[in-house]
Amino acid sequence: MHYLEKDFNNLDATAKAALGPIQTADQWNFFRYAHQGNYGINTIVKEGSRVGKVVIFARSVIADHATTGNY
Amino acid sequence: MKKSICLLTTLLVLFAFAAPGLAADTAKISAASYKAGDTVTIEGTIAPGQDLYIAIAQQKMFAPNDTDGVHETKRLKKDAKKANFTLDTKIPPLYYMLTNNPDAFGKVKDKKFGGPSVLL
């Protein structure tokens, strides 16, 4: 499972600049909450990736599936 | 999980395209607004060897203050303290970061979902 970085200030500077509408630490924390917990996924984002029948997280960072094997 | 048609047609896309050292927005996107199921095409160039970061997000943002559901207001108020966000923090509900460097945003760790706690 891909865990988003906990602390907004630990993100790489170029990555931080590329985030677009997410610009403050508060927004990043809310974004993590909406994508990585059951309540956030079911009420705000409404799109979950599943392992079997269990929703594990909502897709947020997407890389090339062929190279990373992840979402 | 129903979404009304009017919500889908107001779904717009904005994107950010970053290359280190340059603020070059030379990317083009295929249409100004999309409905669910449409294909989004983004064309552009970046310098060789640079990392690609494309953020695709809905333009309409959501903050916990925007809802007046009884359960949601109580729950979001409680969770805001624990998860460190305020009730007027806005995020776009649909947001995807397409990148070749997902490690810049987090790590992949193994997590067990169900199954036996000890494999005998």
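Our structure's up above, just so we're on the same page.
Keep in mind the model is a prediction, meaning the values are calculated, not measured.

**Q** Would you take a moment to explain unusual backbone geometry for this structure?
**A** Most peptide bonds take the trans form, and the phi angle of most residues other than glycine is negative. Even without a glycine there, the phi angle at Lys46 of chain A is positive, about 60°. Relative to the helices and strands, Lys46 of chain A resides in the loop between α3 (38-45) and β2 (49-51). A positive phi angle, near 65°, is found at Asn84 of chain B, a position not held by glycine. Counting through the fold element by element, Asn84 of chain B comes out in the loop between α2 (70-83) and β5 (95-99).

**Q** Which parts of the structure should I look at to understand the interface of chain B and chain A?
**A** The parts lose accessible area when they come together, and the size of an interface is often stated as this lost area. Between chain B and chain A, the contact holds 40 residues from the first and 39 residues from the second. Summed over both partners, the interface of chain B with chain A comes to about 3,600 Å²; 70% of that surface belongs to carbon and sulfur atoms. Counting every contact that joins chain B to chain A gives zero salt bridges. Viewed at the interface, chain A and chain B are joined by 11 residue pairs in polar contact (both at pLDDT 80 or more). Elements represented by at least two residues in the side of chain B that touches chain A include exactly β1 (13-18), β4 (53-58), α2, β5 and β6 (106-108) of chain B.

Basis of the calculations
- Residues numbered from 1 in each chain as written.
- Chains lettered and ligands numbered in written order.
- Predicted model: local features only at pLDDT ≥ 70, side-chain atom pairs only at ≥ 80, totals over all residues.
- Heavy atoms only, no water.
- Helix = DSSP H or I, 4+ residues; strand = E, 2+ residues; numbered from the N terminus.
- Contact = heavy atoms within 4.5 Å.
- Buried area = accessible area lost by both parts, 1.4 Å probe.
- Salt bridge = Lys/Arg side-chain N within 4 Å of Asp/Glu carboxyl O.
- Polar contact = N/O pair within 3.5 Å; in protein donor to acceptor, adjacent residues only side chain to side chain.

These figures capture arrangement, not role.
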